[in-house]
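Coordinates in review
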Amino acid sequence: METSRERQSNLTFTLQPNPVTNELTVDIRGTTSEIFIYSLGGQLMYQNAPQVGQLRIDVSQWTEGMYYVQVASEAERQTKSFVITR
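The residue numbering used here restarts from 1 in each chain and proceeds along that chain's sequence as written. Under the rules for a predicted model, residues below a pLDDT of 70 receive no local features and side-chain atom pairs below 80 are neither given nor counted, while totals for whole chains, interfaces and linings still include all residues. The side-chain values count all of the structure's non-hydrogen atoms but skip hydrogen atoms and water molecules.

Section: the overall build of the protein chain
If you tally the helices and strands in the protein chain, you get one helix and five strands. With respect to the principal axes defined by its C-alpha atoms, the protein chain has extents near 50 × 25 × 20 Å. Using a 1.4 Å probe on the protein chains alone, a residue whose accessible area is under 20% of its type maximum counts as buried, one over 50% counts as exposed, and one in between counts as partly exposed. Counting only residues that meet the buried cut, the protein chain has 34% of its 86 residues in that class. Contacts are residue-level and defined by heavy atoms, with any inter-residue pair within 4.5 Å sufficient. Long-range pairs, those at least 24 residues apart, make up 51% of the contacts in the protein chain with a sequence separation of at least 6. Looking at the protein chain as shown, the accessible area adds up to about 5600 Å², and 44% of this sits on carbon and sulfur atoms. Once the 7 positive and 9 negative side-chain charges of the protein chain are each reduced to a mean point, those two points are 5 Å apart. Every helix listed is a DSSP run of H or I at least four residues long, and every strand listed is a run of E at least two residues long, numbered separately from the N terminus. Computed with the Shrake-Rupley method and a 1.4 Å probe, the accessible areas treat only the protein chains shown as cover for residues. Counted charges follow a simple rule, with Lys and Arg positive, Asp and Glu negative, and His plus the chain ends left uncounted. To locate a charge, the coordinates of NZ of Lys, CZ of Arg, CG of Asp or CD of Glu are taken.

Here it is in structure tokens:
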């Protein structure tokens, strides 16, 4: 049986600012991770691997709307959303 300690995530990340206009900052903590950003329609907009720490991504040329950031390690995968506004 798993304990709560075994289920505890070793991977966390934050997105700032949200909403964003020009530059998105992704701060990844924990295990070495790959990062993917998808449009609402599922188009892969960005990929970088492996990444830990703070990453700045220029989104100034991307269309306004909602996007999904997926951070994945060998053991787990987490997804968060952000919005681009002008």
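Some points on the confidence of the model for the protein chain
Considering every residue of the protein chain, the mean pLDDT works out to 90; 91% of them sit at 70 or more. The predictor attaches a confidence to each residue, called pLDDT, with possible values from 0 through 100. Averaged pLDDT values for the elements of the protein chain fall to 47 in helix α1 (residues 4-7) and rise to 97 in strand β5 (residues 77-84). Here residues 1-6 is a poorly scored stretch, pLDDT under 50, and it has two contacts once near neighbours within four places are set aside; other chains count.

Here's the deal with unusual backbone geometry
In this structure, the amide linkage connecting Gln16 to the following residue, Pro17, adopts the cis form with an omega of -20°. Locating Pro17 in the fold gives a position in the loop between β1 (11-16) and β2 (23-39). In the segment running from Asn18 into Pro19, the intervening peptide bond is cis, with an omega of 15°. The topology assignment puts Pro19 in the loop between β1 and β2.

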